[in-house]
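Per-entry structural report
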Amino acid sequence: MGKQPLLGLTLSELKSLVKNIGMPGFSAGQIASWLYDKKVSSIDEMTNLSLKHRMLLKDLYEVGGEPPVDAMRSVDGTVKYLYRVGEGHFVEAVYIPEEERATLCVSSQVGCKMNCKFCMTGKQGFTANLTAGQIINQINSLPERDKLTNIVMMGMGEPLDNLDEVLKALDIMTSDYGYGWSPKRITLSTVGLRKGLKRFVEESDCHLAVSLHSPLPVQRRELMPAEHAFSITEIVELLRNYDFSKQRRLSFEYIVFKGVNDSLLYARELLKLLRGLDCRINLIRFHAIPGVPLEGADMETMTALRDFLTSHGLFTTIRASRGEDIFAACGMLSTAKQEAINKN
């Protein structure tokens, strides 16, 4: 049995830990500071703990940080990092610098159960949930970690399908004992899972982005099998019960596919679906993936959609496409790495 990682433990978990091994209660806060503020790589660096207590910790625990094992760099500055998570498994985190912002897309699972038609991660199938430590490590071990301004839980996996560990990671990101970030710096993206969605909205103040991609349930089922279990109309009705007008933002992600969901017919259906809901739409260019017969709409079509929706009262943006030359869409690099391992 290897040593247990400290990275990813909340303050309450650290309090239980130090109590169990005979350390004073206040040392939990000291350990948290070393992990999340000073970001040390070893217990030996925790110099305000006595040597005896450091030795006690080292018998059973380690910091548990793991640097990326690979990286792909785009001409636009985007970097896709590959992290090892367990034996033979990998996840991706994508660093996106933009003028005064620097965003990191963070993964929550190895693979994904949702099997969305347009997503490479879904083609992998589901392997494992990440621990809070493995989620936090994507930030902690990022070479550019001190430049980060924003986090999006929009990498590999469905965050609401691993909600306990995701909420722990969000607690570390936003609490005073952890990174101390405002929840406004963090967005969780989801296809929408009934139980998890309600719990997330009630237990977290972070922004929410719902993957929509079609306002028509029949078509959305073809693109996103999760529609069978919890429809977009039910998602919208649930969200109407909460106030998104002040502290947090509600957005809907809409990949625009050529000849599929890109006409003004769909724009009118979006207006009907979201009428009266305080939200915005993010239009996204499609990154082509192998074996999927979908194409992205051209910029002229996307601009027409944006202008129509905005002129009818639904604030709409077009998300800049980044990292296309390094296959920045989720799952591409990890799939290639896994296939290389399997061949060997």
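Each remark here, short or long, concerns the structure printed above.
To start, this report covers the structure provided alongside it.

Rules used in this analysis
Residues numbered from 1 in each chain as written. Predicted model: local features only at pLDDT ≥ 70, side-chain atom pairs only at ≥ 80, totals over all residues. Heavy atoms only, no water. Pairing = 2+ DSSP bridges. Helix = DSSP H or I, 4+ residues; strand = E, 2+ residues; numbered from the N terminus. Axes fitted to C-alpha atoms, helices over the stretch in contact; angles between N-to-C directions. Contact = heavy atoms within 4.5 Å. Parallel < 35°, antiparallel > 145°, perpendicular 65-115°, else oblique. Left-handed = near helix turned anticlockwise from the far one by under 90°. Nonpolar A, V, L, I, M, F, W, Y, C, P; charged D, E, K, R; others polar.

Attention shifts here to the sheet that holds strand S14 (residues 316-318). Spatially, the 10 strands line up as an open sheet ordered S3-S4-S5-S6-S9-S10-S11-S12-S13-S14, and their pairing is mixed. The open sheet has two free edges, formed respectively by strand S3 (70-73) and S14, since each of these has just one partner strand. The mean angle between the axes of side-by-side strands here comes to 20°, regardless of whether they run parallel or antiparallel. With four bridges joining them, strand S11 (residues 207-211) and strand S12 (residues 250-255) adopt parallel strand pairing. Within S12, the residue paired with Val210 across the bridge is Phe252. Contacting strand S10 (186-190) and S11, helix H7 (residues 194-203) crosses the sheet at an angle of about 160° to S11. Contacts from helix H11 (residues 299-311) reach strand S13 (280-284) and S14, with the element oriented near 160° to S14.

Interhelical geometry of helix H5 (residues 132-140) versus helix H6 (residues 163-174) gives an angle of 45° and a closest axis separation of 8 Å. Judged on the interaxial angle alone, H6 and H5 are oblique. The two elements H5 and H6 cross, and the hand of that crossing is right-handed. Contacts from Ala132, Ile135, Ile136 and Ile139 of H5 reach H6 at Glu165, Val166, Lys168, Ala169, Ile172 and Met173. When its residues are assigned to classes, the contact of H5 with H6 shows eight nonpolar, no polar and two charged.

Let us now look at the packing of helix H10 (residues 264-274) against H11. Viewed as axis vectors pointing N to C, H10 and H11 meet at an angle of 35°, and their least axial separation amounts to 10 Å. Helix-helix and strand crossings are classified by hand; for H10 and H11 the assignment is right-handed. Contacts between H10 and H11 pair Leu264, Ala267, Arg268, Leu270 and Leu271 from the former with Ala304, Leu305, Phe308 and Leu309 from the latter.

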